[in-house]
Amino acid sequence: MIKTSSLLAKLAKRFPKRLAKEYHDYVGLMVGPLPEYIDSIYLALDFDDTVYDEAREFHPDLIITHHPFIYGTRARIRKNDPEREALIKRVESDELRVYSMHTNFDRGVGGMNDALAEALDLQDITPLINDPMARGGALKTPLSVEEAAKYAKKRLKATYGLLLPYGKKTVSRIAIVGGGGSKSHAIAMDEGYDLYISGDAPHHVRRSIINRHYNYLDLPHEIESIFMDRMEKILHEIDPTLTIKKAPRQSEAQPI
């Protein structure tokens, strides 16, 4: 058991809110009030109806998500997302508390993108100069672009990937950012990475990558489920006595 203020202060020291993206990212307490002490925590990439029953049964002192449980103002949710508003009311009724750590966790040292780069077993991992949220490093052994894509898909436990193999035939250095960071492909290319990995690339971005003669691997947003393993490790470093339950990995679209 740990005092809530102490736990959140330790997390804030590693992943301060100032690291969150400037586009009005929503991090911190979503639904409260917070308890004085925390003994149990439920971790989820997203908190929605797919995990609600399990979380309610576990009834932790705190739920920590990666993606913001309330993305925007409560007034905007009421107006535009009645299903989310109904879920918020259920959470409040069941006296659950939700705390979200989004792009501050993505960018922070030891957070999301370090975890993804480490899962690829990259060497000399470092933030990209012009996109400090992304991470880059070197493979232990160079691979063909097709082999590198299959390797990344396996290591990041993805069910599918979309490869644009229009750059160098051999991959030695890889850059990666979880989620929808495809627009930073030009930065990765300019900084000398042979393959850039992210997700949610729209058509016009894919066309830009092809016209730049670059390699890009689009993997599902759900590779960010690594958040739960990394956050569990961080929380147990802070207090090994905490009881932690992780939500099931989010479902991905299936190749057909």
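Below you will find a few notes about this structure. (Residues numbered from 1 in each chain as written. Predicted model: local features only at pLDDT ≥ 70, side-chain atom pairs only at ≥ 80, totals over all residues. Heavy atoms only, no water.)

1. Quick notes on the sheet that holds strand S2 (residues 28-31)
- Taken in spatial order, the five strands make up an open sheet running S2-S6-S5-S4-S13, and their pairing is mixed. Of all strands in the sheet, those bounded by a partner on one side alone are S2 and strand S13 (243-246). The mean angle between the axes of side-by-side strands here comes to 30 degrees, regardless of whether they run parallel or antiparallel.
- Note: strand S5 (residues 62-65) against strand S6 (residues 98-100), three bridges, orientation parallel. Counterpart to Ile-63 in the pairing with S6 is Val-98.
- Against the sheet, helix H2 (residues 49-58) contacts strand S4 (40-44), S5 and S13, and its axis sits at roughly 170 degrees relative to S4. (Pairing = 2+ DSSP bridges. Helix = DSSP H or I, 4+ residues; strand = E, 2+ residues; numbered from the N terminus. Axes fitted to C-alpha atoms, helices over the stretch in contact; angles between N-to-C directions. Contact = heavy atoms within 4.5 Å.)

2. Side note on the packing of aromatic side chains
- Applying the stated criterion across every chain, the model contains seven aromatic pairs.
- Seen from their ring centres, Tyr-196 and Tyr-216 are 6.0 Å apart, and the 35 degrees between their planes marks the pair as tilted. With Tyr-196 in strand S11 (residues 195-198) and Tyr-216 in strand S12 (residues 215-218), this pair connects stretches of sequence that are 20 residues apart. This pair shows no difference in class: Tyr-196 is buried, exactly as Tyr-216 is.
- Taken together, the ring pairs connect Phe-15, Phe-105 and Phe-227 into an aromatic cluster.
- The ring of Tyr-52 has Arg-90 lying over it, and the distance from NZ or CZ to the ring centre is 4.7 Å.
- Cation over ring: Arg-173 sits above Tyr-193, and NZ or CZ is 4.1 Å from the ring centre. (Phe/Tyr/Trp six-rings, centres within 6.5 Å; stacked < 30°, edge-to-face > 60°. Buried < 20%, exposed > 50% of the residue type's maximum accessible area, 1.4 Å probe, protein only. Lys NZ or Arg CZ within 6 Å of the ring centre and 35° of its normal.)

Any functional reading would require information that these geometric values do not contain.
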